[in-house]
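A closer look at the structure
For reference, the chains in residue letters:
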Amino acid sequence: MPDVPTLKLNDGHEIPQLGFGVFQIDPDETATAVTQALEVGYRHIDTAEMYRNEAGVGEGIRASGIPREQIWITSKLNNGFHKPDDARRAFDGTLQALGFDHVDLFLIHWPLPSLYDGDFVSTWKVLEEFRADGRARSIGVSNFQVAHLEKLAAETGTVPAVNQIELHPYFTNPEVAGYCADHGIGVEAWSPIAQGGVLHDATITEIAQRVDRSPAQVTLRWHIQHGYIVFPKSTTPSRIKENFALFDFELTGQDMTALDGLNQGEDGRTGPNPDQFAYIPD
Ligand code: NDP
């Protein structure tokens, strides 16, 4: 099976373009799922403090026997910890739960513009500390809209390495993705198959039949050819394998355009709108 390509981020680090997402994987099942993914060949795991399964991620990595340096780990700052001292404590907790001395990428999970007096800038400056002391090799954001990215650009000296946003054929998020492309910010596409929501689409199933691939593979390949970073989630061993087999076929320009044309704008979102989202977990 061909190797997963890496993409060079704006800080020079190379991220595997395909990873494994662990949102909604039960903490008790996470280690097994992560070990299975690593056995298939994934070398990039996307977790978050909010998912309550960072410990399982660390456990699964250690159980695999694969050296830590060969695996890219991303985690995220939970919404209740945006104040600088809380963010420092939360990051210590993330490293402790993972059982490693650094993460490859650490993100502000949500901008929460209606909380903390709209101040995510002081939170970002704390992430800059983590990068400076080497405990986060790269730092970035998630669910940031263009206005939020512009505020960071105006008030801080570091451009986020990535912005992790909802993006799939029904919600192509062109405004945010375009801003990121123009400013050297890597685009990470969350819910890349819309949690399964695009898999029965007539356009996608027609292409899938023609190229003899599954609808999930066609959709994930569309992300890859757009240059997005993706980490589909699955706890089904056959799907974990299926989602990894993306590098021995290609979509034509016409097929790419057909998938682009499925965008439904705001109606296509499956998750919350970051401008309104103000959820703090218990
Ligand atoms: P995905 O788009 O990856 O879809 C996951 C769902 O699709 C699961 O129900 C899974 O079922 C099913 N599935 C997976 N592969 C296949 C397949 N080949 N055929 C059919 N069904 C399949 O959704 P996620 O929301 O999990 O997004 C991926 C990752 O993105 C998350 O795990 C997380 O890391 C990140 N994320 C980040 C967010 C953020 O705010 N930053 C928000 C949401 C996600 P099953 O497991 O039963 O196989």
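Read on for a plain summary of the structure.

Each value, and the rule that gives it
Residues numbered from 1 in each chain as written. Predicted model: local features only at pLDDT ≥ 70, side-chain atom pairs only at ≥ 80, totals over all residues. Heavy atoms only, no water. Helix = DSSP H or I, 4+ residues; strand = E, 2+ residues; numbered from the N terminus. Buried < 20%, exposed > 50% of the residue type's maximum accessible area, 1.4 Å probe, protein only. Pairing = 2+ DSSP bridges. Right-handed = clockwise from strand over helix to strand, strands pointing away. Phe/Tyr/Trp six-rings, centres within 6.5 Å; stacked < 30°, edge-to-face > 60°. Near = heavy atom within 4 Å. Polar contact = N/O pair within 3.5 Å; in protein donor to acceptor, adjacent residues only side chain to side chain. Areas by Shrake-Rupley, 256 points an atom, 1.4 Å probe, with all protein chains shown as cover. Nonpolar A, V, L, I, M, F, W, Y, C, P; charged D, E, K, R; others polar. Core = buried A, V, L, I, M, F, W, Y, C linked by side-chain atoms within 4.5 Å. Contact = heavy atoms within 4.5 Å.

Notes on unusual backbone geometry
Phi at Y116 takes a positive value of approximately 50 degrees, unusual for a residue other than glycine. Structurally, Y116 is set in the loop between strand 6 (103-108) and helix 4 (121-132). Looking at Y116, the relative accessible area reads 22%, which means it is partly exposed.

Considerations on the pairing of strand 6
Counting buried residues in strand 6 gives 6 out of 6 residues, a clear majority hidden from the surface. As paired strands, strand 5 (residues 72-77) and strand 6 are joined by 4 bridges and run parallel to one another. By the bridge assignment, S75 is partnered in strand 6 with F106. One ladder, built from 5 bridges, connects strand 6 with strand 7 (residues 136-142); its direction is parallel. In the strand pairing of strand 7, I108 is matched with V141. The handedness of the strand 6 to strand 7 crossover, carried by helix 4, is right-handed.

Considerations on the packing of aromatic side chains
Where two aromatic rings form a pair, the distance of their centres and the angle of their planes describe that pair. If you walk through the whole model with that rule in mind, you get 11 aromatic pairs. Seen from their ring centres, F91 and F130 are 4.0 Å apart, and the 15 degrees between their planes marks the pair as stacked. A residue pair is termed long-range when its members are at least 10 positions apart, and F91 in helix 3 (residues 84-98) and F130 in helix 4 qualify at 39 residues. An identical accessibility class is assigned to F91 and F130; each is buried. The rings of W110, W190, F277 and Y279 are connected pair by pair, giving a single aromatic cluster.

Structural notes on the site of the ligand
Neighbouring residues of the ligand: 29 residues in total, closest D46, Q195, K233, S234 and T236. Between an oxygen atom of the ligand and a side-chain N or O atom of Q195, the distance comes to 2.7 Å. Interatomic distance of 2.6 Å between a side-chain N/O atom of T236 and an oxygen atom of the ligand. Considered on its own, the ligand offers 910 Å² of accessible surface; in the complex 88% of this is hidden by protein. In the shell around the ligand, the residues fall into 12 nonpolar, 12 polar and 5 charged.

Overview of the nonpolar core
F20, I45 and I61 are the most contacted members of the largest nonpolar core, which has 87 residues in total. Among all residues touching F20, those that are not within four sequence positions of it are I25, A33, V34, A37, Y42, H44, I45, D46, F231, P232, S234 and I240.

A few points about the pairing of strand 9 (residues 186-190)
Among the 5 residues in strand 9, 5 count as buried, and that is most of the element. Side chains G186, E188 and W190 project from strand 9 onto one buried face, and the interleaved V187 and A189 project onto a second face that is buried too. Judged from the 5 bridges that link them, strand 8 (residues 162-166) and strand 9 form a sheet pairing that is parallel. When the sheet's bridge partners are listed, I165 is paired in strand 9 with A189. Crossover strand 8 to strand 9 through helix 6 (residues 174-182) is right-handed. As paired elements, strand 9 and strand 10 (residues 229-230) share 2 bridges and run parallel to each other. The residue bridging E188 from the neighbouring strand is I229, located in strand 10.

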